[in-house]
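Residues per chain, in single letters:
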Protein chains: 4
Amino acid sequence: MIGFIGLGIMGSRMARNLQKNGQSLVVYNRTKEKAGELLEHGAVWAGSPAEVSRQADIVFTMLAEPEAVKQAALGEQGFLKEMGNHGIWIDCSTVNPSFSREMAAEAGQRGVRFLDAPVAGTKIPAEKGELMFFVGGNQDDLEQVMPLLEMMGKVIRHVGENGAGTSLKMVVNLMLGQAMAAFSEAVALGERMGLSRDVLFSTLIGGPVAAPFLASKKDKIDQGRFDTEFPLQWMNKDLHLVTETAYELGLSLPLAGMTEDLYGMAKQQGLGREDFSAIYRLYQKD
Amino acid sequence: MIGFIGLGIMGSRMARNLQKNGQSLVVYNRTKEKAGELLEHGAVWAGSPAEVSRQADIVFTMLAEPEAVKQAALGEQGFLKEMGNHGIWIDCSTVNPSFSREMAAEAGQRGVRFLDAPVAGTKIPAEKGELMFFVGGNQDDLEQVMPLLEMMGKVIRHVGENGAGTSLKMVVNLMLGQAMAAFSEAVALGERMGLSRDVLFSTLIGGPVAAPFLASKKDKIDQGRFDTEFPLQWMNKDLHLVTETAYELGLSLPLAGMTEDLYGMAKQQGLGREDFSAIYRLYQKD
Amino acid sequence: MIGFIGLGIMGSRMARNLQKNGQSLVVYNRTKEKAGELLEHGAVWAGSPAEVSRQADIVFTMLAEPEAVKQAALGEQGFLKEMGNHGIWIDCSTVNPSFSREMAAEAGQRGVRFLDAPVAGTKIPAEKGELMFFVGGNQDDLEQVMPLLEMMGKVIRHVGENGAGTSLKMVVNLMLGQAMAAFSEAVALGERMGLSRDVLFSTLIGGPVAAPFLASKKDKIDQGRFDTEFPLQWMNKDLHLVTETAYELGLSLPLAGMTEDLYGMAKQQGLGREDFSAIYRLYQKD
Amino acid sequence: MIGFIGLGIMGSRMARNLQKNGQSLVVYNRTKEKAGELLEHGAVWAGSPAEVSRQADIVFTMLAEPEAVKQAALGEQGFLKEMGNHGIWIDCSTVNPSFSREMAAEAGQRGVRFLDAPVAGTKIPAEKGELMFFVGGNQDDLEQVMPLLEMMGKVIRHVGENGAGTSLKMVVNLMLGQAMAAFSEAVALGERMGLSRDVLFSTLIGGPVAAPFLASKKDKIDQGRFDTEFPLQWMNKDLHLVTETAYELGLSLPLAGMTEDLYGMAKQQGLGREDFSAIYRLYQKD
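Because the structure is predicted, anything quoted here is derived from the model rather than measured.

Quick look at the packing of aromatic side chains now. Tallied over the full model, the rule gives 32 aromatic pairs over all chains. For the pair Phe230 of chain A and Phe276 of chain A, a centre-to-centre distance of 5.7 Å together with 80 degrees between the ring planes defines the contact as edge-to-face. Taken as a pair, Phe230 of chain A in the loop between helix H10 (218–223) and helix H11 (232–248) and Phe276 of chain A in the segment after helix H12 (254–271) lie far apart in primary sequence, 46 residues in all. Comparing Phe230 of chain A with Phe276 of chain A shows no difference in burial state: the two are buried. Centroid distance Phe4 of chain D to Phe60 of chain D: 5.6 Å. Interplanar angle 15 degrees. Geometry classified as stacked. Of this pair, Phe4 of chain D sits in strand E1 (residues 2–5) while Phe60 of chain D sits in strand E4 (residues 58–61), and the two are 56 residues apart along the sequence. The buried category is assigned to Phe4 of chain D, whose relative accessible area is 0%. Classification of Phe60 of chain D by relative accessible area gives buried; the value is 0%.

Our next topic: the side chain of Thr243 of chain D. All names here are of chain D. Note that Thr243 resides in helix H11 (residues 232–248). A distance of 2.8 Å separates a polar atom in the side chain of Thr243 from a polar atom in the side chain of Glu260. With residues near it in sequence (within four places) discarded, Thr243 still touches Ala256, Gly257 and Glu260.

In terms of nonpolar packing, the biggest core is built from 221 residues, with Phe183 of chain A, Phe183 of chain B, Phe183 of chain C together with Phe183 of chain D touching the most fellow members. In contact with Phe183 of chain B, not counting residues within four places along its chain, are Met175 of chain A together with Phe201, Leu204, Ile205, Leu214 and Ile221 of chain B.

On to the relation of the copies chain D and chain A. The transform that puts chain D on chain A rotates by 180 degrees and translates by 0.0 Å along the axis, for an RMSD of 0.0 Å. What we have between these two chains is a two-fold relation. Looking at the rotation axis and the C-alpha trace of chain D, the residue lying nearest is Gly257 of chain D, at 3.3 Å. When the interface residues of chain D are mapped onto chain A, 100% of them are again interface residues, pointing to one common binding face.

Counting residues at the interface gives 54 residues for chain A and 54 residues for chain B. Summing both partners gives a buried area of about 4500 Å² for chain A against chain B, and 77% of it is carried by carbon and sulfur. On the chain A side of the interface with chain B, the three residues burying the most area are Met175, Val209 and Leu255 of chain A, jointly 16% of the side's total. Along the contact surface separating chain A from chain B lie 0 salt bridges. Linking chain A with chain B are 12 residue pairs in polar contact (both at pLDDT 80 or more). For the side of chain A that touches chain B, the secondary structure elements donating two or more residues are strand E8 (131–136), strand E9 (153–160), helix H8 (164–192), helix H9 (197–204), H11 and H12 of chain A. The element that contributes the greatest number of residues to the side of chain A that touches chain B is H8 of chain A, accounting for 19 residues. Looking at the side of chain A that touches chain B, its residues break down into 41 nonpolar, 10 polar and 3 charged.

This brings us to the UniProt feature "domain: 3-hydroxyisobutyrate dehydrogenase-like NAD-binding" (unreviewed entry) in chain A. Taking the numbering used here, the UniProt-annotated feature "domain: 3-hydroxyisobutyrate dehydrogenase-like NAD-binding" (unreviewed entry) corresponds to residues 163–283 of chain A. Secondary structure over residues 163–283 of chain A splits into 64% helix and 0% strand, and the C-alpha atoms at its two ends are 37 Å apart.

All right, on to helix H7 (residues 139–152) of chain A then. All names here are of chain A. Compared with the 20 Å implied by 1.5 Å per residue over 14 residues, the 19 Å span of H7 between its first and last C-alpha is a close match. Its maximal kink placed at Met146, H7 deviates by approximately 55 degrees, while the proline Pro147 follows within four residues. Along H7, the residues that are buried comprise Asp141, Leu142, Val145, Met146, Leu148, Leu149, Met151 and Met152. Its side-chain oxygen at 2.8 Å from the backbone nitrogen of Asp140, Asn138 defines the N-terminal cap of H7.

About the thresholds
- Numbers given for residues are sequential positions, taken from 1 along each chain in its written order.
- Here every chain gets a letter starting at A, and every ligand a number starting at 1, in the order they are written.
- Given that this is a predicted model, residues contribute local features only at a pLDDT of at least 70 and side-chain atom pairs are listed and counted only at 80 or more, while totals for whole chains, interfaces and linings are drawn from all residues.
- As a rule here, side-chain values come from all non-hydrogen atoms in the structure, and water together with hydrogens is ignored.
- Any two of the Phe, Tyr and Trp rings considered here, Trp counted by its six-membered ring, make a pair once their centres fall within 6.5 Å; the pair's planes then place it as stacked at under 30 degrees, edge-to-face at over 60, or tilted in between.
- Only DSSP runs of H or I covering at least 4 residues are called helices, and only runs of E covering at least 2 are called strands; the numbering of each starts at the N terminus.
- Burial classes follow relative accessibility: with a 1.4 Å probe on protein chains only, a residue under 20% of its type's maximum area counts as buried, one over 50% as exposed, and anything between as partly exposed.
- Definition of a polar contact: a pair of N or O atoms within 3.5 Å, with one able to donate and the other able to accept a hydrogen when the atoms are protein atoms, and with sequence-neighbouring residues admitted only if both atoms are side-chain atoms.
- What makes two residues a contact is simply this: any of their non-hydrogen atoms within 4.5 Å.
- Joining through side-chain atoms within 4.5 Å is the link that ties buried Ala, Val, Leu, Ile, Met, Phe, Trp, Tyr and Cys residues into a set, and such a set is a nonpolar core.
- Copies are brought into register by a least-squares superposition over C-alpha atoms of residues with pLDDT of at least 70 in both.
- In this description, buried area is defined as the sum, over both parts, of the accessible area (probe of 1.4 Å) that is lost when the two are combined.
- Counted as salt bridges are all cases of a side-chain nitrogen of Lys or Arg within 4 Å of a carboxyl oxygen of Asp or Glu.
- All residues other than Ala, Val, Leu, Ile, Met, Phe, Trp, Tyr, Cys, Pro, Asp, Glu, Lys and Arg, Gly among them, are scored as polar; the first ten of these are nonpolar and the last four charged.
- UniProt positions are given in the numbering used here, feature names are shortened, and annotations may be inferred rather than shown by experiment.
- Helix span, expected: 1.5 Å multiplied by one less than the number of residues in the helix.
- Axes are fitted to the seven residues ending at a residue and to the seven starting at it; the angle between these axes is taken as the bend at that residue.

If you want it as structure tokens, here you go:
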């Protein structure tokens, strides 16, 4: 049996793909409703994280933030103390590298192997099993769970030691946040100079100077509706994590800092729960 | 006969493509040596811009900056006063929109039609006739010279009225400059966190979060050799033009401003003549 | 007779002090009403700048911006062409150094001596004759008009050649704009941490870390009423002049650039006509 | 007996002033040499923090950072567990507000009263007993130790509850760091425009737009020698604390962020151990 803890938008779809590929699951989530579809298809419900590890040697976690991961692993009903000597824990949550290394150490002390394996991709790729995994940890451990990861993702990259997967995810999100803000400034400037959105979008999107993902954001800008795929306040948080980490490493990243502040100002203006592409609204006149 | 003024890296290659496609040329450049190949293949040398327009109804200019364009067109030996009533002047230089409109007005007063037609692309696309033209001006005028532009470029976009071509070029360069600086910060952070360049490049380049042109910059970063395709000091200048224009339009673009300052600091550190990708060096430890 | 052109808030008060000290004036302003008090006390009204210089060898200008100065001096009814060979023109307007030098050259060609003499101080010091003058130009010329300047100011500093007075004014306004924005951030942070304004103001104002002028801004912040002494949009303009000048000199000033952008964002939010201390409102929650 | 833990540049001078005013001291420092003068004048040496609290009901701490404070208070030989029910702990270290509140809670659980009482002022004021104390905590507790604080400082401000003293210190350091960087940019601009340092310093220093403390920095800039009073890397750290705290409070402070990055870049260039006024060197040409 495979354990899966955290059944939100991403986790529920990832677990379902394991199930579709023939895996038996034991699952836990803070609220039970989210587990509905999985239980219908035969998954076993666990009353606590600890109960998951009593029945599974391989446990996935997909949670919102470090605190939630820590609670599930090391809290009163945490799964880590119950895991056998040969267990593997794969954390797919987006956290910071030093936290991943801390969890790796906690796991190691209990004879549990640990992989940090955050994913690139949102709801649709999660559903289709087309995520990209950035994996930090031991190569042999990765090989053991590779078949499982391949049920959920189309690219599985082994990046390095524990923490490396998380590090790479942080770099990717930095690129994401900066490209979105830069595109917003470019479009705002173009429009103010009298160019139509049509001209701007058709020239930039798909061309050499625009990150390809921007193709999925142009309709939001065009319609002024920023339906949330990735909330602006999380982008702000991820960028804060970047500047925090850079500071710890003795590195100054003024552009990242400026970008964090722009998302911060957008959040202050009440845009935190909209898609992070709503940063565009910062450049619109009152 | 077609006139061509400005035979630098770009202009000489563009003119050569006209010639290869059967056009007779009359050419002028500040220094005659640059015209060598064209003259060998039958181009006529003109002693001044004015002499160009005495022999040609269609004149291209490809010059370094607004001042040079103004001098060629309106200086003592300027070509504009000598152009006939039915002439067309196509300015391919990268300038600011208000300058393009000013030139359009100067041309109009003399019965000359004007197109601003800056290009996207560097040395190689210029040589292969694969540039992209952003054209501002009258549609009929553009159609008249379309066959000529197609000898030099693979995409010819009519963007709008005079100044619109130049405006779009400015937006493209803003995207270019920001993406390069953002990538530099992302790579610097990744390396400091212990990721290898291999992992960083192979993950980011070609993926959804990186502008495709960055593929052509990774070797420079990797080898620490920033052979100049587009000098850093010109990028600094173009970004300054952006913030200047934004200010005139009552728009604040903090990320563009920060990016301008970063290239400015790199210039201050003596990197002005290297490729603009040398901005990466700003993030390396002493 | 002394000529005075530009009778706004500052100019009218400065001219009045000349008058109180026994000088006969010939005055011009775009709108005649502003001259009321001066005319009552015996000043002669001139129908144009040119008419001023027909009656006066010494001409002061105190105008809003370079364009207005240029128009008054060199426009169709400009005063400069009518000034005699021994005339002195003292420009008290806040302009940029290169403009001051350009005016000095224009004056010189006509045998007129030129001083750039911008002032530090607002309405009240202007009224009391307690302004500070920063003077660029020839020392002998300055000495000739020193008695006049002393009627309007309490400190007259000879800074250097033409343009130097204007340069120093620019530095002072940069300090002013940055200190106001920095104070706004510090107060906003303090309040958000739970400190009262009373504690913040009483600790900072008058202490070693706050510029003394901030004493005059604390009531505006406290009452949330930003009655205009120096409009925010002018501060934005002056800071733009700073970054523009820095760029021309090959100098990057990221903090000045950031500060310009902050005033720009405040202007975008409709605060342009309020006092520049309204920058504080940028840090208040919606 | 009064306990004093932390005998660095500041602490040793503060403790000496208590002694001069007739107080008997029991002292501890990581390295004993620093205690030399105090021991000569009768202070008792304690082998550990715990030993201090066995002999004293009132304990002062003056340490470099939160971790050091925590260690002294709660470490294996920590003083907190040994303090009697009626003890008072006064922490004069510069830390962050949430840390002060955490220490207050730890103390409270053991029946010990806590005051956060960071100081403004450097070596000389410490020696002269002219520091300024910002005190957070209970008013009665403050009154009890007021005579002691008055032996070391000339101004004792009760700011509010625990954490408020620390909050105010953070605001003061933000102002300090921004004013120094702003002054550096202003002087660099002035010089590049051709003004002499003499003119710049004499106009700005002591005038309305410059923070008074800058008077003590001008000689460092002038001589290009940045003898350390307050190390640049600590300023970088304090500003990082500011942006971290602002982020936690949902507040964006772009100017503070930019300033942090500038000190960070200076640190990267090897200026971390010089005085924080060495930020000026960031604006000097190579």
